[in-house]
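Architecture at a glance
Here are the chains, one letter per residue:
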Amino acid sequence: MLALLLASPAGARDERPPAPAVASEVAPALLAELTTRFGARPAGSPADRAAAAWLAGRLRAFGLSHVAIESFPILRWSPGDAAVDVIAPERRRLVATPLGGLVSGPTVTARVVAYDTYAAFLAAPADSVRGRIVAVLEALPGTADGAGYLRLVVMRSEGPAAAARKGAAGFVLRSLATHHERLASSGATKPLARPFPAFAISPPDAEELGRLATKGPVTLRLRPGAGWSGRAVTQNVVATLPGRDPTAPAVLVSAHLDSWEQGTGASDDGFGIAAVVAAVKALHDRPHRPLRSIRLVLFGAEEVTQPGSYPNFAGARRYIELHRRELAGIDLAAESDWGGGRIVGLRLPDLGDPGLDRRLAAGLASENVLVRTDRSASGPPDADVLKAAGVPLLRLDQDATLLFDTHHNARDTLDQVDMSALRQNVRVWTTVLRLLADRPLTPSPSPRPLRRAGP
Ligand SMILES: [Zn+2]
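Residues numbered from 1 in each chain as written. Predicted model: local features only at pLDDT ≥ 70, side-chain atom pairs only at ≥ 80, totals over all residues. Heavy atoms only, no water.

Time to look at the coordination of the zinc ion. Perfect tetrahedral coordination of a metal by four donors corresponds to 109.5 degrees between them, and perfect octahedral coordination by six donors corresponds to 90 or 180 degrees. Protein coordination at the zinc ion: the donors are H256 (NE2), D268 (OD), D337 (OD) and D337 (OD), at 1.9 to 2.8 Å from the metal. For the zinc ion, the 4 donor atoms are set out with angles of 51 to 147° between them, so the coordination reads as irregular. For the zinc ion, the donor residues sit on a single chain with the sequence spacing H-x11-D-x68-D. Remark: D268 occurs in helix α7 (residues 266–284) and H256 occurs in strand β11 (residues 250–256); sequence separation between them is 12 residues. Each of the two residues, H256 as well as D268, counts as buried. (Donors = N, O, S within 2.8 Å, 3.2 Å for Na, K, Ca; no water. Tetrahedral: all angles 85-135°; square planar, octahedral: opposite > 155°, others 65-115°. Helix = DSSP H or I, 4+ residues; strand = E, 2+ residues; numbered from the N terminus. Buried < 20%, exposed > 50% of the residue type's maximum accessible area, 1.4 Å probe, protein only.)

What follows is the structure, given as structure tokens:
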């Protein structure tokens, strides 16, 4: 890169990085450029807008068709300078981050009532919680499939609302993380109709708070600052690799553009963007176009909740609104948004093509990917919105062993990304999209009815 820049004629400075000569380097180069140039990309921020414009430019330069930035309004949420301090038995600041989508309201100083598990908090009578700051200190178990997170994410999404209903003055939870460092993990929670302070604290701080609470009364002060910071515009970026048969049902592949304020959104979800964009580019660069079109969607506003009619996943919901008539012409959707691990499994809906699972298994034989049919395959969240609208989902499962070391925290940066895993993801997505897009057309008995997206 440096040598190429030095070799450019003086004054002929090109804003675009040189295209990597080797296909396997497309994704690492994209991810490095995205994270280094734009950093964190909170939905509706200037960095989010600039990254979308840059990515649209890259998709055009790669030769994709119908590249467009589809903007939509959102309310921006900001963590401000909200903070958590222990006031008694002695003063100290905890490493904490406010939960996304809540307005923290005025300063709250109150005694802590601590619970080892979320279930214990839910079972507690309102009398024991009223006027207190609830601390839920349950640790996230590390699992290769991320099942611990899927089970406990309710602590973050529903915990503040449950605490508010019991009359609590505030809510803190142990970050949904598998590391043991002083890093706090962001994440969205269900919007509440009134201000309510809620924070995630780092695992070491959660353990310290738990030890303090066993010795005697603990008082916390929750400093305000988090809340809506104004109207903004965010966007989906869409593109198409046209197939040979424009009437054939298309395949939709996606990732999401926005990130939390911490880190640079390298694994969540720069990794997914790099993987699917590089795979679609690899198919574009083949001598023959695929039989079916491939639609690429980079969703905006995946991470944030919104008050009002778009409670969450506003980008996916917006996509459905704008493209409702085309959805019936998409017979499969998939999204890459599960961190930076290698792909270990593929779950396939029943597409009425009995040989497809065998062709996929053969194509992926060298990548250690377990292929199976699973009609109930779901997620990631944007893809679930498409599924709720009636589009069948294919799921590529990634090894999530390390996902919750960097998820939504300040370590979600490029240096943490395993580039060999990214290259493996690109190879797998390329093979999967090729086999899906080239699969033979089977007569469809009747048009698939479309449903409205769920809440
Ligand atoms: Zn994500």
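With that settled, the discussion passes to the pattern of salt bridges. The full count for this structure, using the stated rule, is 24 salt bridges. For R151, the salt bridge is made with E138, and the minimal N-O distance between the two is 4.0 Å. Of the two residues, R151 sits in helix α5 (residues 147–165) while E138 sits in the loop between β6 (133–136) and α5, which places them 13 residues apart along the sequence. One salt bridge connects D374 with R347, and the closest N-O pair in it is separated by 3.5 Å. One end of the pair, D374, is in the loop between β15 (370–373) and α10 (381–388); the other, R347, is in strand β14 (residues 343–348), with 27 residues separating them in the sequence. For the pair D374 and R347, one class covers both residues: buried. Beyond isolated ion pairs, a larger network of salt bridges with shared partners links R347, D374, R395 and D397. (Salt bridge = Lys/Arg side-chain N within 4 Å of Asp/Glu carboxyl O.)

On to the sheet that holds strand β3 (residues 92–94), then. Strand order in the open sheet made by the 8 strands is β3-β2-β9-β5-β6-β7-β8-β4, with mixed pairing throughout. In this open sheet, the two edge strands, each paired with only one partner strand, are β3 and β4 (96–98). Looking at each pair of strands side by side, their axes are set apart by 30° on average, direction ignored. Two elements, β6 and strand β7 (residues 170–174), share 4 bridges in a ladder whose sense is parallel. Paired with V134 across the two strands is F171, which belongs to β7. Along the sheet, α5 makes contact with β6, β7 and β8 (198–201), crossing β7 at roughly 155°. (Pairing = 2+ DSSP bridges. Axes fitted to C-alpha atoms, helices over the stretch in contact; angles between N-to-C directions. Contact = heavy atoms within 4.5 Å.)

What follows concerns the nonpolar core. Grouped together as the largest cluster of nonpolar side chains are 58 residues, with contacts concentrated most on L296, L298, L346 and W429. Looking at this core, the element that brings in the most residues is α7, giving 11 residues. The residues contacting L298, other than those within four sequence positions of it, are L55, L59, Q235, N236, V237, A255, L257, I273, V276 and V277. (Core = buried A, V, L, I, M, F, W, Y, C linked by side-chain atoms within 4.5 Å.)

This paragraph deals with the pairing of β11. Taking burial as the measure, the 7 residues of β11 include 7 buried ones, the bulk of the element. Along β11, one buried face is formed by A250, L252, S254 and H256 and the opposite face, lined by V251, V253 and A255, is buried too. Inspection of the sheet shows β11 paired to strand β13 (residues 330–335) by 5 bridges, in the parallel sense. Its bridge partner being in β13, L252 is matched across the sheet by A333. The pairing of β11 with strand β12 (residues 294–299) spans 6 bridges and is parallel. In the sheet register, S254 faces β12, and the bridge partner there is V297. In this view, the connection linking β11 to its parallel neighbour β12 by way of α7 has right-handed handedness. (Right-handed = clockwise from strand over helix to strand, strands pointing away.)

Moving on, we get to the sheet that holds β14. Sheets are built from strands that pair by backbone hydrogen bonding, the pairs being arranged parallel or antiparallel. Read across the open sheet, the 3 strands follow the order β15-β14-β16; overall the sheet is mixed. This sheet does not close on itself; its edge strands, each paired only once, are β15 and β16 (395–398). With strand direction ignored, the average angle separating the axes of adjacent strands in the sheet is 20°. Direction of pairing for β14 relative to β16: antiparallel, over a ladder of 4 bridges. Of the residues in β16, the one forming a bridge with I343 is Q398.

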